[in-house]
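# Close look at the chain arrangement
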Protein chains: 2
Amino acid sequence: MERSGGRSGQTRADTREVVLAAVRLFTESGFDATTMDHIAAATGVSRRSLFRRFGSKEDILFAEHDELFSTVVRFLEASPDDPLSSVFSAARLVLQGYLGDPEITVPRYHLVRAHPRLRDREVAMTARYQAAFSRYLARREGGEDRSLAAGVAAASLISAHNHVLRGWLRRPEQDRGEVWASFDEAVAFVRRAAEPMLHAEREPGHDHVLVAVYPGGTDREELLRRVGAAVREAEGP
Amino acid sequence: MERSGGRSGQTRADTREVVLAAVRLFTESGFDATTMDHIAAATGVSRRSLFRRFGSKEDILFAEHDELFSTVVRFLEASPDDPLSSVFSAARLVLQGYLGDPEITVPRYHLVRAHPRLRDREVAMTARYQAAFSRYLARREGGEDRSLAAGVAAASLISAHNHVLRGWLRRPEQDRGEVWASFDEAVAFVRRAAEPMLHAEREPGHDHVLVAVYPGGTDREELLRRVGAAVREAEGP
DNA sequence: CCTCTCCATGGCATTCGGTGCCAGAATAGG
DNA sequence: CCTATTCTGGCACCGAATGCCATGGAGAGG
């Protein structure tokens, strides 16, 4: 079957058209006040088919988001190496998904803010991303259990992403360049924290400040040896 | 009004008794298959009063959790200074809340795992903690916007907490000492990453290793001053 | 062109969560 | 003991969500 494209014919209301109509109704009349019958009447799709195609009233609002999530997951599965960079790119993809569809994402943001139930739904979505990122970061060769570091890194990244995303959602009219700039900044911020975390066993750099005081004439080799020993001790067992 | 204590009289089914009965029904018959009428019949509380007292069927399962959340928020509000340590203590309080009530938290964990809807609810709870922690960490004097660092730190802590919590929930019979040990470890892990984040502008700790070599007889004050200056130079732009 | 098949649709009936309304019981307080 | 407030439970009702079944359209094969 061919995609009907963007045409708004009477033929078969596309998923996107239904979502847009529903979003409009939700923002005009409120989420609770809008019944499935209203949406059915507005879209020409029967109430029964709406439930069949979307699952629930909430799912209409988050249909596009679910698609985005699948896209991101597929992207991650296709990314072979350098997991940290892959995850950062995935987060970039998520932000791009939001920015690229303001007609849905922006009013949805305001609906979500107003209604606790929808807020929980949105939060659950970000948790799904976080879980996917965490799983991706954790499944590395090497016997040790990296799940703690992976989880923390994923949580940090998601938090930074949401920080930037909220900033844009509050003022969607702002320049996209600024948004991407602050995203890059936030990601760099997280990278500084996460990078040493995931390589914790091999490299020094646990945020220690080492002050070594030795007699001025100490041999360089000897000094380096002692400093190295001190660092290893500071890193712990 | 006096608390009825632990008595299981006919008088007035306590909140906790209702929750326990509901949890039992949920695990026996499944969450969906258990209707509010069943819970009403099992507890002696009318269906109408159940809705009045708990709000919804899900809320019965999470009633104790809501209480814990209020406790933690009150604790945070009463904590004046050293915000990072306060937040860590708050996380400890949350874990304690879980460990202290396995009769509810453990079966709830299995219910949550099985049912996506309940999982979303659980995720929403942790998001509430995260938001509370983040707000608490961000509301510091100083004009700069610390919300990114605060959000990332809160997310990291919550992630670490959940990491430990899940470990216990999967094997609740394990020694409590081990649980607390792994919690301390996880918190220390997060602290190493979060501490420099929140004091990025003021204190050293950007993963530099400073080696200062001075004559053995140097005055302590002088030495500290020079080290401080070197650190500031290394940090700053 | 006709027919058979498959799948999406939509109407119908039903279950169940959730709420408003109101009357009656319980409890505090004088 | 009487009154005011609060909690409770029964009733009716709305709307989300699901199962069942008939219908209709699109495509495959004759």
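What comes next is a walk through the structure.

Scoring rules and cut-offs
- Along each chain, the written sequence defines residue order, and numbers are assigned to residues from 1.
- Chains carry letters from A onward and ligands carry numbers from 1 onward, assigned in written order.
- Side-chain atom pairs in this predicted model are given and counted only at pLDDT of 80 or more, local residue features only at pLDDT of at least 70, and totals for whole chains, interfaces and linings cover all residues.
- To obtain the side-chain values, all non-hydrogen atoms of the structure were used and water was disregarded.
- Numbering of helices and strands starts at the N terminus; helices are DSSP runs of H or I of at least 4 residues and strands are runs of E of at least 2.
- Using a 1.4 Å probe on the protein chains alone, a residue whose accessible area is under 20% of its type maximum counts as buried, one over 50% counts as exposed, and one in between counts as partly exposed.
- Residue burial considers only the protein chains on display, and all accessible areas are found by Shrake-Rupley using a 1.4 Å probe.
- The convention used is that axes are lines fitted to C-alpha atoms, helices contributing only their stretch in contact, and that angles between N-to-C directions extend from 0 to 180 degrees.
- Our angle categories are set so that under 35 degrees counts as roughly parallel, over 145 as roughly antiparallel, 65 to 115 as roughly perpendicular, and the remainder as oblique.
- It is the rotation of the near helix from the far one that decides the hand of a crossing: anticlockwise by less than a right angle makes it left-handed, clockwise makes it right-handed.
- Contacts: residue pairs with any heavy atoms within 4.5 Å of one another.
- Residues are grouped as follows: Ala, Val, Leu, Ile, Met, Phe, Trp, Tyr, Cys and Pro are nonpolar; Asp, Glu, Lys and Arg are charged; every other residue, Gly included, is polar.
- Working rule for helices: expected span equals 1.5 Å times residues minus one.
- Between Lys or Arg on one side and Asp or Glu on the other, a salt bridge is scored when a side-chain nitrogen of the former is within 4 Å of a carboxyl oxygen of the latter.
- The aromatic pairing rule takes the rings of Phe, Tyr and Trp, using the six-membered ring of Trp, and pairs them if the centres are within 6.5 Å, calling planes under 30 degrees apart stacked, those over 60 edge-to-face and the rest tilted.
- Counting as a charge over the ring demands two things of the Lys NZ or Arg CZ atom: a distance within 6 Å of the ring centre and an angle within 35 degrees of the ring normal.
- Without a salt bridge and with relative accessible area above 30%, a residue can belong to a patch; like charges are then joined within 9 Å and nonpolar side chains (Val, Leu, Ile, Met, Phe, Trp, Tyr) within 5 Å.
- Lys and Arg are tallied as positive, Asp and Glu as negative. Neither His nor the chain termini are counted.
- Charge positions are represented by NZ for Lys, CZ for Arg, CG for Asp and CD for Glu.
- Each nonpolar core is a collection of buried residues, namely Ala, Val, Leu, Ile, Met, Phe, Trp, Tyr and Cys, held together in the definition by side-chain atoms within 4.5 Å.
- Bend, in this description, refers to the angle at a residue between axes fitted to the seven residues ending there and the seven starting there.

## Section: the overall build of chain A
- Along chain A, the regular secondary structure elements total 11 helices and 0 strands.
- When the elements of chain A are put in sequence order from the N terminus, they spell out α-α-α-α-α-α-α-α-α-α-α.
- Counting only residues that meet the buried cut, chain A has 44% of its 237 residues in that class.
- Here chain A has roughly 13100 Å² of accessible surface; of this, 49% comes from carbon and sulfur atoms.

## Examining the packing of helix H9 (residues 147–170) of chain A against helix H10 (residues 176–198) of chain A
All names here are of chain A.
- Contact geometry of H9 with H10 gives a least axis separation of 9 Å together with a crossing angle of 165°. With respect to their mutual orientation, H9 and H10 come out roughly antiparallel. For the pair H9 and H10, the crossing hand works out as right-handed. Every residue of H10 that contacts H9 at Ala-149, Ala-150, Val-152, Ala-153, Ser-156, Leu-157, Ala-160, His-161, Val-164 and Trp-168 is listed here: Arg-176, Val-179, Ser-182, Phe-183, Ala-186, Val-187, Val-190, Ala-194, Met-197 and Leu-198.
- Tallied by class, the residues present in the contact of H9 with H10 amount to 16 nonpolar, 3 polar and 1 charged.

## Here's the deal with H9 of chain A
- Taking 1.5 Å as the rise per residue, H9 of chain A with 24 residues should run 34 Å; its terminal C-alpha atoms sit 34 Å apart, in good agreement.
- Along H9 of chain A, 20 of the 24 residues are buried, which leaves the element largely enclosed by surrounding structure.

## A look at the pattern of salt bridges
All names here are of chain B.
- Overall, the coordinates contain 18 salt bridges over all chains when judged by the stated rule.
- Glu-103 is the partner of Arg-16 in a salt bridge, and the nearest nitrogen-oxygen pair spans 3.7 Å. In this pair, Arg-16 sits in helix H1 (residues 15–29) while Glu-103 sits in helix H7 (residues 102–114), placing the two residues 87 residues apart along the sequence.
- Residue Arg-16 is classed as partly exposed on the basis of its relative accessible area of 29%.

## With respect to the packing of aromatic side chains
- Inspection of the entire model under this criterion finds 8 aromatic pairs over all chains.
- Ring plane angle 75° and centroid distance 5.0 Å describe the contact between Phe-69 of chain A and Tyr-129 of chain A, whose orientation is recorded as edge-to-face. Pair noted here: Phe-69 of chain A is in helix H5 (residues 63–77) and Tyr-129 of chain A is in helix H8 (residues 116–138), with a separation of 60 residues, a long-range link. For the pair formed by Phe-69 of chain A and Tyr-129 of chain A, the shared burial category is buried.
- Measuring from centroid to centroid gives 5.8 Å for Trp-180 of chain B and Phe-183 of chain B, while their planes differ by 90°, and the two rings are edge-to-face. Of this pair, Trp-180 of chain B and Phe-183 of chain B both sit in helix H10 (residues 176–198), 3 residues apart, which is roughly one turn of that helix.
- For Trp-180 of chain B, a relative accessible area of 24% corresponds to the partly exposed category.
- Of the aromatic side chains, those joined through ring pairs into one cluster are Phe-69, Tyr-129 and Phe-133 of chain A.
- Sitting above the plane of the Phe-31 of chain B ring, Lys-57 of chain B keeps its charged end 4.5 Å from the centroid.

## What to know about a positive patch on the surface
- On the surface, a cluster of positive charge is contributed by Arg-113, Arg-119, Arg-166, Arg-170 and Arg-171 of chain A.
- Structurally, the position occupied by Arg-113 of chain A is in helix H7 (residues 102–114).

## Details of the side chain of Glu-122 of chain A
All names here are of chain A.
- Within the secondary structure, Glu-122 sits in helix H8.
- For the buried Glu-122, which has no salt bridge, the nearest side chain bearing the opposite charge is Arg-108, at an N-O separation of 4.2 Å.
- Filtering out sequence-adjacent residues up to four positions away, Glu-122 remains in contact with Phe-62, His-65, Tyr-98, Arg-108 and Val-112.

## A word on the environment of Thr-35 of chain A
- Residue position: Thr-35 of chain A is located in the loop between helix H1 (15–29) and helix H2 (36–43).
- Exposure remark for Thr-35 of chain A: the relative accessible area of 32% places this residue in the partly exposed category.

## A closer look at the nonpolar core
- Judged by nonpolar contacts, the single largest core of 132 residues is most densely connected at Phe-133 of chain A together with Phe-133 of chain B.
- Aside from chain neighbours lying at most four places away, what touches Phe-133 of chain B is Val-72, Leu-76, Val-87, Ala-90, Ala-91, Ala-154, Leu-157 and Ile-158 of chain B.

## Observations concerning H10 of chain A
- Given a rise of 1.5 Å per residue, 23 residues ought to cover 33 Å, and the 31 Å separating the end C-alpha atoms of H10 of chain A matches this to within 8%.
- In H10 of chain A, a bend of some 30° at Arg-191 of chain A exceeds every other bend along the element.
- Considered for burial, the residues of H10 of chain A that qualify are Val-179, Phe-183, Ala-186, Val-187, Phe-189, Val-190, Ala-193, Ala-194, Met-197 and Leu-198 of chain A.
- Buried residues in H10 of chain A make contact with helix H6 (83–99), H8 and H9 of chain A together with helix H9 (147–170) and H10 of chain B.

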